[in-house]
Amino acid sequence: MTGPLVIVGDCMLDVDIEGSATRLSPEAPVPVVDADRVWQRPGGAGLAAVLAARVESDVVLVTAIAEDDDGRRLTELLTAAGVTVVALPMAGNTLCKTRIRAAGQSVVRLDHGDGVAAGQDLPRQVAEVLDAARAVCVADYGRGVSAHPGLRRVLEHTAIRVPLVWDPHPRGARPVPGCWLITPNDAEAGKDSADTLRRRWRARAVSVTLGARGAALATDDGRVTDITVPDSTPRGAVRSDTCGAGDRFAVAATLALAEGEPTVAAVTEAVCAASRFVAAGGAIGVSTPGRLGGTGESPAFTAFLGEVTEVRDRLRRRGGRLIATGGCFDLLHTGHVRLLHRARQLGDALVVLLNSDSSVRALKGADRPVMSQDDRARVLCALACVDAVVIFDETSPERQLEQLRPDVWVKGGDYAEADLPEAPVVRSHGGEIVLLPTIAGYSSSKLIAAMRS
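Rules used throughout
- Residues numbered from 1 in each chain as written.
- Predicted model: local features only at pLDDT ≥ 70, side-chain atom pairs only at ≥ 80, totals over all residues.
- Heavy atoms only, no water.
- Helix = DSSP H or I, 4+ residues; strand = E, 2+ residues; numbered from the N terminus.
- Buried < 20%, exposed > 50% of the residue type's maximum accessible area, 1.4 Å probe, protein only.
- Contact = heavy atoms within 4.5 Å.
- Areas by Shrake-Rupley, 256 points an atom, 1.4 Å probe, with all protein chains shown as cover.
- Salt bridge = Lys/Arg side-chain N within 4 Å of Asp/Glu carboxyl O.
- Phe/Tyr/Trp six-rings, centres within 6.5 Å; stacked < 30°, edge-to-face > 60°.
- Lys NZ or Arg CZ within 6 Å of the ring centre and 35° of its normal.
- Pairing = 2+ DSSP bridges.
- Patch = residues over 30% accessible without salt bridge, like charges linked within 9 Å, V, L, I, M, F, W, Y side chains within 5 Å.
- Arc of directions from axis to C-beta.
- pLDDT = per-residue confidence, 0-100.
- Core = buried A, V, L, I, M, F, W, Y, C linked by side-chain atoms within 4.5 Å.
- Axes fitted to C-alpha atoms, helices over the stretch in contact; angles between N-to-C directions.
- Parallel < 35°, antiparallel > 145°, perpendicular 65-115°, else oblique.
- Left-handed = near helix turned anticlockwise from the far one by under 90°.
- Nonpolar A, V, L, I, M, F, W, Y, C, P; charged D, E, K, R; others polar.

Moving on, we get to the overall build of the protein chain. Scanning the protein chain from terminus to terminus reveals 15 helices and 22 strands. By the burial criterion, 53% of the 453 residues in the protein chain qualify as buried. For the protein chain, the proportion of contacts with a sequence separation of at least 24, taken over those separated by at least 6, is 69%. Accessible area for the protein chain stands at about 19,800 Å²; split by element, carbon and sulfur atoms hold 50% of it.

To continue, consider the pattern of salt bridges. Per the counting criterion, the structure on display carries 21 salt bridges. The partner of arginine 72 in a salt bridge is glutamate 67, with the nearest N and O atoms 3.9 Å apart. Under the relative-accessibility criterion, arginine 72 is labelled partly exposed at 41%. Among the residues examined, glutamate 67 registers a relative accessible area of 71% and is labelled exposed. Put simply, arginine 198 and aspartate 195 hold a salt bridge, and the shortest N to O gap is 3.2 Å. Placement of the pair is arginine 198 and aspartate 195 together in helix H6 (residues 194–201), with a separation of three residues, close to one helical turn. Here arginine 198 falls in the buried class, since its relative accessible area comes to 12%. Each of Asp14, Asp16, Arg41 and Arg99 takes part in a single network of salt bridges with overlapping partners.

Each neighbour pair has its own omega, and for arginine 368 with proline 369 the value is 5 degrees, a cis peptide bond. Relative to the assigned elements, proline 369 resides in the loop between helix H11 (357–364) and helix H12 (373–381). Of note in this structure, phenylalanine 329 is not a glycine but carries a positive phi near 50 degrees. Tracing the chain through its elements places phenylalanine 329 in the loop between strand E18 (322–327) and helix H10 (334–344). Phi is positive for leucine 331, close to 80 degrees, though the residue is something other than glycine. Along the chain, the position of leucine 331 falls in the loop between E18 and H10. A relative accessible area of 19% places leucine 331 in the buried class.

A full pass over the atoms with the stated rule returns zero aromatic pairs. One residue, arginine 204, lies across the ring of tryptophan 180, its end atom 4.1 Å from the ring centre.

This paragraph deals with the pairing of strand E1 (residues 5–9). Here E1 lies mainly inside the structure; five of its five residues are buried. Where burial is concerned, the two faces of E1 agree: the one with Leu5, Ile7 and Gly9 and the one with Val6 and Val8 are both buried. Sheet analysis places E1 next to strand E4 (residues 59–64), joined by four bridges and oriented parallel. Residue valine 6 lies in a different strand from E4, and its bridge partner there is valine 60.

Let's shift gears to a nonpolar patch on the surface. On the surface, Val107, Val108 and Leu110 cluster together to form a nonpolar patch covering roughly 230 Å² of accessible area. Here valine 108 is to be found in strand E8 (residues 105–112).

The pairing of strand E21 (residues 408–412) with strand E22 (residues 432–436) spans five bridges and is parallel. Across the sheet, residue glycine 412 finds its bridge partner in E22, namely leucine 436.

Okay, H10 next. Along H10, the residues classified as buried are Gly335, His336, Leu339, Leu340 and Ala343. The buried residues of H10 occupy an angular sector of 130 degrees when the element is viewed end-on, so they sit on one face.

For the rest of this paragraph, the subject is H6. Residues of H6 that are buried: Ala194, Leu197, Arg198 and Trp201. For H6, the angular spread of buried residues about the axis comes to 105 degrees, placing them on one side. Against strand E12 (181–182), helix H5 (186–189), strand E13 (205–209) and strand E14 (215–219) lie the buried residues of H6. Where H6 ends, the next residue or the one after it, arginine 202, has phi of about 55 degrees, a positive value.

Here the focus is the confidence of the model for the protein chain. Confidence in the prediction for the protein chain averages 85 pLDDT; 86% of positions are at 70 or higher. Residue range residues 234–240 is modelled with pLDDT below 50. Its contacts to residues more than four positions away, or to other chains, number 19 contacts. Taken as a whole, residues 289–300 scores under 50 in pLDDT and shows 25 contacts with residues more than four places along the chain or in a different chain.

Along the chain, the position of alanine 377 falls in helix H12. In this structure alanine 377 comes out as buried when scored by relative accessible area, which is 2%. Taking the C-alpha atoms as reference, alanine 377 lies 10.0 Å from aspartate 330; in sequence the two are 47 residues apart.

What follows covers the nonpolar core. In summary, soluble globular proteins display a tendency toward joint burial of nonpolar side chains. Among the nonpolar cores identified, the biggest contains 48 residues, and Ile7, Leu61, Leu78, Leu181 and Val267 are the most heavily contacted of them. Top contributing element to this core by residue count: helix H7 (residues 245–258), with eight residues. The contact partners of leucine 181, leaving out residues within four places of it in the chain, are Leu164, Val165, Trp166, Ala205, Val206, Ser207, Leu217, Ala253, Leu257, Thr263 and Val267. Among the nonpolar cores identified, the runner-up in size contains 35 residues, and Ala133, Ala189, Val206 and Ala216 belong to it.

The subject of this paragraph is the packing of helix H3 (residues 124–132) against helix H4 (residues 149–161). At a closest axis distance of 10 Å, the pairing of H3 and H4 adopts a crossing angle of 15 degrees. As summarised for this structure, H3 and H4 are arranged roughly parallel, according to the angle between their axes. Our pair here, H3 against H4, has a crossing hand that is right-handed. Each of Val126, Ala127, Leu130, Asp131 and Ala132 in H3 lies in contact with H4, whose residues at this interface are Leu151, Val154, Leu155, Thr158 and Arg161. Class assignment for the residues of the contact of H3 with H4 results in seven nonpolar, one polar and two charged.

Here it is in structure tokens:
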């Protein structure tokens, strides 16, 4: 079935201010955070839409957005990520959540904005979008979109025809009857079992998400299934920011149901997708770099291979070609940018396999890299020609290429194919090796040596 994937729900602007905290304030016993960087991203249903747009070419977000600076910035970020916005009227100001972080940990969160969806007649465009949808995901954040009477009537009718997944909120509206899947987390479910909630909400299935323990699924055939995270799936032991994991879960389940997967298989895929998402750094991986009030924007993202292979499979179903390249990119220079730009022109999406910090040290010595892997990934994601970045720990990306199987593997012309240990892996899956000419005089090692001298 064709048609857009439609995300419905409340949207907000999320801001992360990152810095270091090495001293306490003299005014009060609180840390002083020296801000280094600011990241912005759509939050709530906006984050769900951005995650969906990673692997879907036609994503529509039905939400309420105010006509203010934060609302306009939110629309810019969504549009840059490939999301079509169909806006409901909003009363009040755009909700903005600002997290101040030091050493990767949140110190405080500041919220401002009182906007809620206005209770007016449903715009005709909303009904038209839902009528054309091949699947719908409701990301309810308690700001009134899912409570809109006209919208609820259309959603209930839509659930008869196509998959409708509802991610509820404690302050949100009750899910409409007939949902294919409802996805509360353990805290939202409280003492109620998945089957109790399924009967209360008159849903086909309810999956209570349990974090690292997977999910408990109750279906309308009376079965209750415990779904655990497979051992081969990253569990985010190091990076444990779970912000956005529920959105990733709901979107993955919606996409699987839209592809005709049975409910148990769809929830199993959603458990794996959410675990990969958390292990990859959570919502921070889809943030856009900028300064306060800045306008930098990038649709690229840092991901695990499982997420990129989803992109590859959907790309190939449309007849597209996946291009990949790799390297340390420790101090990005003109030669790098030219190579990446020309590589992207060879196909329809470009994935960069990026050496991790430990991998760079193994290749170039204990004093490298000069930029951390996260910073190098951020810089690459800011380039319009880069669609995704995958960080790997080995000195050669052979294992990653075995899974990724790109149509073209690109390296600079200072290599010969015989110098590339990964070349046989690429060739074994029908891939092509392309060596692009480099620009003489540009070298990260030489630039670093010149700075240090």
